[in-house]
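# Structural description and commentary
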Amino acid sequence: MRLPSDCEFLSLDIESKTGVHIGATTLKRLVGFAQDERSPHTTTLDAIARYLGYAHWDELSKIEDDGNSDFDASDDEVRSADLQAGVYVEITYLPDRKVRMQFLGDCRYRVVESQNSKLQVGDEVQIQNFVLHHPLFVQNVWRHGEPLGQFTAGRISGLSSVTVL
């Protein structure tokens, strides 16, 4: 969540996946974009937990209490630090986007194929990791050597696939 407006998208996505409406203002409060001392309702917390794949808030809280940090990567994650220069990573995301990149090293990739994406063949991008079903956050994009800034792909539904070729 980088911008308050991201809460609008998250609100819609939570409702589409759980059937429970959580207002954007409530989400802004929860993530710190709006100052408010009120505690969220249990139904709100349970809906967020279900959205994240847990049965209820207590189950999610237990993970926090037991520790939710780990040095091991998930099967759904590809870390740039674990790749060898020269390999290709292919991602897809909705509605029908596909990007294939060659890893250059040091978290940098060159786009070698792009279908229906704003990224173009030849763009260089800086990416820490790829996580299935999460948005792809590109720290920097360079086109013809010129910096374009940050880019987020799959903002609503995340990456549909991540494949190391």
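Just so we're clear, the structure is a prediction, and the values are computed from it rather than from any experiment. (Residues numbered from 1 in each chain as written. Predicted model: local features only at pLDDT ≥ 70, side-chain atom pairs only at ≥ 80, totals over all residues. Heavy atoms only, no water.)

What follows concerns the overall build of the protein. What the protein contains, in helices and strands, is 4 helices and 9 strands. When the helices and strands of the protein are read in sequence order from the N terminus, they spell out α-α-α-α-β-β-β-β-β-β-β-β-β. Taken along its principal axes, the extent of the C-alpha atoms in the protein is 50 × 30 × 25 Å. Expressed as a percentage of its 165 residues, the buried residues of the protein come to 32%. Residue pairs at least 24 apart in sequence account for 38% of intrachain contacts in the protein once pairs closer than 6 positions are excluded. Per element, the accessible surface of the protein, about 10200 Å² overall, is 48% carbon and sulfur. Each charge class in the protein can be summarised by its mean position, and for the 16 positive and 25 negative side chains these summaries are 8 Å apart. (Helix = DSSP H or I, 4+ residues; strand = E, 2+ residues; numbered from the N terminus. Buried < 20%, exposed > 50% of the residue type's maximum accessible area, 1.4 Å probe, protein only. Contact = heavy atoms within 4.5 Å. Areas by Shrake-Rupley, 256 points an atom, 1.4 Å probe, with all protein chains shown as cover. Lys, Arg positive; Asp, Glu negative; His and termini not counted. Charge placed at Lys NZ, Arg CZ, Asp CG, Glu CD.)

Taken together, the buried positions of helix α3 (residues 42-51) are occupied by Thr44, Leu45, Ala47, Ile48 and Ala49. At the exit of α3 stands Gly53, carrying a positive phi of roughly 100 degrees.

Now for the packing of aromatic side chains. If you walk through the whole model with that rule in mind, you get 2 aromatic pairs. For the pair Phe103 and Tyr109, a centre-to-centre distance of 4.9 Å together with 50 degrees between the ring planes defines the contact as tilted. Each member of the pair Phe103 and Tyr109 is classed as buried. Residues Tyr109 and Phe130 carry aromatic rings whose centres are separated by 5.4 Å and whose planes lie at 90 degrees to one another, so their mutual orientation is edge-to-face. One end of the pair, Tyr109, is in strand β4 (residues 108-115); the other, Phe130, is in strand β6 (residues 129-131), and 21 residues separate them in sequence. Owing to a relative accessible area of 0%, Tyr109 belongs among the buried residues under this scheme. Clustering of aromatic rings is evident, with ring pairs tying together Phe103, Tyr109 and Phe130. Between Arg108 and the ring centre of Trp142, over which it is positioned, the NZ or CZ distance is 3.9 Å. (Phe/Tyr/Trp six-rings, centres within 6.5 Å; stacked < 30°, edge-to-face > 60°. Lys NZ or Arg CZ within 6 Å of the ring centre and 35° of its normal.)

The strands that make up a sheet pair up through hydrogen bonds in the backbone, lying either parallel or antiparallel. In space, the 7 strands of this open sheet follow the order β8-β7-β5-β4-β3-β2-β9, with antiparallel pairing throughout. A strand with exactly one partner marks an edge of an open sheet, and here the two such strands are β8 (146-153) and β9 (159-164). For this sheet, the mean inter-axis angle between neighbouring strands, taken without regard to orientation, is 30 degrees. Of the strand pairs in this sheet, strand β7 (residues 136-143) and β8 are connected by 6 bridges, and their pairing is antiparallel. Bridging across to β8, Val138 finds its partner in Phe151. (Pairing = 2+ DSSP bridges. Axes fitted to C-alpha atoms, helices over the stretch in contact; angles between N-to-C directions.)

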